[in-house]
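# Overview (structure and organization)
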Amino acid sequence: MTKTFNINNIVRESVKTLKPYSSARDEYVSDGSTMIFLDANENPFENGVNRYPDPYQRSLKAVLAEQKGVSESNMLLGNGSDEVLDLIYRAFCEPNQDNIITLPPTYGMYKVLAGINAVENREVLLTSDFEPDVPAILSAVDENTKLIFICSPNNPTGNSFKKEYVEKLLESFSGLVVIDEAYIDFSEQESWLSSLNNYPNLIVTQTLSKAYGLAGIRLGICCASEEIIAILNKIKPPYNVNQLTQQKALQRVLNEDAVQQEVVQILEERANLKQALQELDFVEQLYPSNANFVLAKVDDADKRYQQLLNQHVVVRNRSTQPLCENTLRFTVGTPTENKALIAILKKL
Ligand SMILES: *Cc1c(COP(=O)(O)O)cnc(C)c1O
């Protein structure tokens, strides 16, 4: 398969010709002088959030870009990864015409977003060892296939995909490969961010919802070529990341050590949890995890789920997902929560 990648061949016509909304804060860039702002019809009385937020989140993006080793022009921030993923659909997929490929069992939002955007979702199951079936994926591709979603580490299976499989897709597919790295901070595998310059068709998404402990503020990260980021910037809502989120996120990412210490604890607890699960006779298989959760195959997932619920522990029953019959997904909690969970599991 020979590949020619040209961003102009895959962006929607309506997006190509779109003239984006220009907000008051787009035009003016601060030079540090004290100014009187009478340009955006805001209430002038200060309360901390009476002004519109920076549409490009420059302060936050500067820190994130440096920490992640990418340039700011290769980064877009959104209202959670969910918004970022939706923007990708809207920029590149023509409703009722284009299709995308997802690899179940995987994150449910790709399918939901395909539905919302009236884009056909072609599902190519992972192999029995939860790896992408590269030949099957490539044969599902046609001229209307715009996106392939790769979730690595994958939710709900927990594994990272083999590098060579992902590389093969990046090299063979002439649409965009979206690698969702929501769990990358828990993984021993290197982020695909370091390969951005090698692949013009690569999009990497990350989030502050998992390792950074900020699910409540909604902050998603998208990294790709300048061309791709420029297209997404054109269609994003001007003030998509609110002021409180920008402030809280900045505080947190500047405190890298605290984040790292929590990740280390979560990884220790993941090891404890795996050990404990392994010793239970109703656990039939434990899958390797590069994330902050563990997927376990049990004797009867519905029964065990209900028993845990009766003990006031909520886990995720993933049994309805293909290749996941009788599986439960356990998120790693605090040491105290983990101890309580393990005590309860031993008594079931
Ligand atoms: C949790 C999760 C996300 C996070 O989404 P946000 O909208 O950023 O909270 C993204 N992708 C996967 C696979 C996830 O499991």
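Refer to the preceding data block for the structure.
Keep in mind it's a predicted model, so treat the numbers as computed, not measured. (Residues numbered from 1 in each chain as written. Predicted model: local features only at pLDDT ≥ 70, side-chain atom pairs only at ≥ 80, totals over all residues. Heavy atoms only, no water.)

Turning our attention to the site of the ligand. The ligand sits among 13 residues. The nearest are Ser81, Tyr183, Thr207, Lys210 and Arg218. With respect to the ligand, the side chain of Ser81 contributes an N or O atom lying 2.6 Å from an oxygen atom. Asn155 is positioned with one of its side-chain polar atoms (N or O) 2.9 Å from an oxygen atom of the ligand. Taken by itself the ligand offers 390 Å² of open surface, and the protein chains cover 93% of this. For the shell around the ligand, the leading source of residues is helix H5 (residues 80-92), giving 3 residues. When the residues that make up the shell around the ligand are grouped by side-chain class, the tally is 4 nonpolar, 5 polar and 4 charged. (Near = heavy atom within 4 Å. Polar contact = N/O pair within 3.5 Å; in protein donor to acceptor, adjacent residues only side chain to side chain. Areas by Shrake-Rupley, 256 points an atom, 1.4 Å probe, with all protein chains shown as cover. Helix = DSSP H or I, 4+ residues; strand = E, 2+ residues; numbered from the N terminus. Nonpolar A, V, L, I, M, F, W, Y, C, P; charged D, E, K, R; others polar.)

Moving on, we get to unusual backbone geometry. Cis peptide bonds are those with omega within 30 degrees of zero, and the linkage from Pro104 to Pro105 qualifies with 0°. Of note, Pro105 is situated in the loop between strand S2 (99-102) and helix H6 (109-116). Residue Pro156 is reached from Asn155 by a cis peptide bond, and omega for that bond is 15°. Tracing the backbone through its elements, the reader meets Pro156 in the loop between strand S4 (145-151) and helix H8 (163-172). Backbone geometry at Gln57 places phi at a positive 45°, although glycine is not the residue there. A residue is classified by how much of its surface remains accessible, and Gln57, at 1% relative accessible area, is buried. Positive phi values are uncommon outside glycine, yet His312 reaches one of about 70°. Within the fold, His312 resides in the loop between helix H12 (301-310) and strand S10 (316-317). (Buried < 20%, exposed > 50% of the residue type's maximum accessible area, 1.4 Å probe, protein only.)

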